[in-house]
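# Descriptive structure summary
What follows is each chain in one-letter form.
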Amino acid sequence: MTDYPIFKNKVAAYYTLGCKLNFAETSTIGKELVSYGIRTARNGEKADICVINTCSVTELADKKCRQLIRRVHKQHPKAFVIATGCYAQLKPEEVARIEGVDLVLGSAQKANLMQHLNQMAHRRIITSQIKEIRSFVPSCSAGDRTRFFLKVQDGCDYLCSYCTIPFARGCSRNGTIAELTAQAEQAARDGGKEIVITGVNTGDFGKSTGETFPDLLRALDQVEGIARYRISSIEPNLITDEIIDFVLHSKRFAPHFHIPLQSGSDEVLKLMRRRYDTALFRRKIETIKKLLPDAFIGVDVIVGFRGETDEHFETCRTFIESLPVSQLHVFSYSERPGTQALNITPIVDPATKHARSKSLLDVSKRKWREFYETQRGRNAEALFEHTRKGKFMYGFTANYIKTEAPYDEARINRISAVRPDGWNKDHMALTVTFLD
């Protein structure tokens, strides 16, 4: 290990915006800095170094990044501020102009942050051409959560017409099954009970190693000490019958699926350059529900995409209404520089986007509540987390029912047999009776 005495006894603070993948990577950066003697800041403590891992999935994400950077600079005026992540890769000059930013690192450089931090006097912006981003950097972290996040894949080859992620993270690549299984085993030794498998295009695992995603799932299922796995967002065309059947028969994989739809209109899906149609999507959802009737299914939807007419949206809403899904994650389309979607007309005005978003959020709220109602009175197992709100603690069942119970430290990070009963005070979780 190279010695960096200048940073001994320094204090660092970490900030993350965006996806689960970003959170895992920020944690890995933090572990690296700790190994060089840089302590993590405690609540309210002034930091010498601030690392901000940015997101750029939407225009709003860019705005939040700028606001966060300015806030961090105000809170830590003497700190050396490093901006990295997707926004830093896509718009490094713009990020560098924000007051307080000392160093901008692209996607390929964040894995070697300590090296660049040591050379901070030499350059202010360090990025690579996206075609040069080829390596896979492993990350597995828990941060302040009970769940660990295991990065199994990075990058994307899909080039959907609205998305800049391939330009921010590069081509699809992954770790080996042996490496990832070893990380899961370490998470178990560190006390982890649940692991979320994450990536940019998780189901595309195997592109760089010749292995398969089902083989990875089978290997992880054998890791002792991990009680539960969740598969984060997986493309509809990549969630095979083999994967669904595996979850049905596995020892540890939860009946919880997060599947991006983006639009329930085949015409809009073509404009988006998605790799499936609504007929395929319906088959996947119905297969899951046939084999795993209590599975929680979350679905991503984009409203107000360029070219989306009132008729397209109504087709989308009707299609979603007809599906046995549990919750929607609704996003308003955001213009992204350099994407092919900018060539599509007509443009949907902001007021229409807002109305369409509200319409689907109403659908989501109703479906979510209906799904929770089906689980009341049914025995389950919940993993309670460190999060505490007043006198209560919170956890999730395998099929992602949020549960509330009086705080009991002995049950934190432990699987408990429960029976979800009624709704809590704010109707955001089910209260439970303990059965053990």
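One structure accompanies this document, and this report is about it. (Residues numbered from 1 in each chain as written. Predicted model: local features only at pLDDT ≥ 70, side-chain atom pairs only at ≥ 80, totals over all residues. Heavy atoms only, no water.)

### Remarks on the side chain of Thr164
Looking at where Thr164 falls in the secondary structure, it is placed in the loop between β9 (153–154) and α6 (165–169). What Thr164 contacts, discounting residues up to four positions off in sequence, is Ser56, Leu90, Arg336, Pro337 and Thr339. (Helix = DSSP H or I, 4+ residues; strand = E, 2+ residues; numbered from the N terminus. Contact = heavy atoms within 4.5 Å.)

### Overview of empty space enclosed by the protein
On inspection of all chains with the given rule, the structure shows one cavity of 30 Å³ or more. As a volume, the largest cavity reaches approximately 40 Å³. As for the largest cavity, its lining consists of Gln375, Arg378, Ala380, Thr397, Asn399, Ile401 and Pro420. For the lining of the largest cavity, the residue count by class is three nonpolar, three polar and one charged. (1 Å grid on protein atoms, 1.4 Å probe; cavity = no way out; pocket = protein on both sides within 12 Å on 5 of 7 lines; lining within 4 Å. Points joined across faces, edges and corners; volume = space filled by probe spheres on them. Nonpolar A, V, L, I, M, F, W, Y, C, P; charged D, E, K, R; others polar.)

### A closer look at unusual backbone geometry
In this chain, Thr345 is followed by Pro346 through a cis amide linkage whose omega measures 0°. Tracing the backbone shows Pro346 in the loop between β15 (327–332) and α13 (350–375). Of note, Tyr400 is a non-glycine position whose phi angle comes to about 65°, a positive value. Locating Tyr400 in the fold gives a position in the loop between β17 (392–397) and β18 (402–406).

### Examining the pairing of strand β13 (residues 256–262)
Most of β13 sits out of view: seven of its seven residues are buried. Of the two faces of β13, the one carrying His256, His258, Pro260 and Gln262 and the one carrying Phe257, Ile259 and Leu261 are both buried. (Buried < 20%, exposed > 50% of the residue type's maximum accessible area, 1.4 Å probe, protein only.)

### Thoughts on the sheet that holds strand β8 (residues 147–151)
Reading across the sheet, the four strands line up as β7-β8-β11-β12 and stay open at both edges, with mixed pairing between neighbours. The sheet is open, and its two borders are formed by β7 (140–141) and β12 (228–231), each paired with just one other strand. Alignment of strand β11 (residues 194–198) against β12, held across four bridges, turns out to be parallel. Along β12, the bridge assignment pairs Ile197 with Ile231. (Pairing = 2+ DSSP bridges.)

### Describing the side chain of Ser364
Looking at where Ser364 falls in the secondary structure, it is placed in helix α13. Residue Ser364 is classed as buried on the basis of its relative accessible area of 6%. Ignoring sequence-local partners within four residues, the contact set of Ser364 consists of Ser326, Gln327 and Leu328.

### Regarding the environment of Ser359
As for its placement among the helices and strands, Ser359 is situated in helix α13. Residue classification places Ser359 among the partly exposed residues on the basis of a relative accessible area of 23%. With 42 residues separating them in the primary sequence, Ser359 and Arg317 have C-alpha atoms 8.2 Å apart. Non-local contacts of Ser359, meaning those with residues more than four positions away in its chain, are made with Phe313 and Arg317.

These results come straight from atomic positions and should not be treated as a statement about function.
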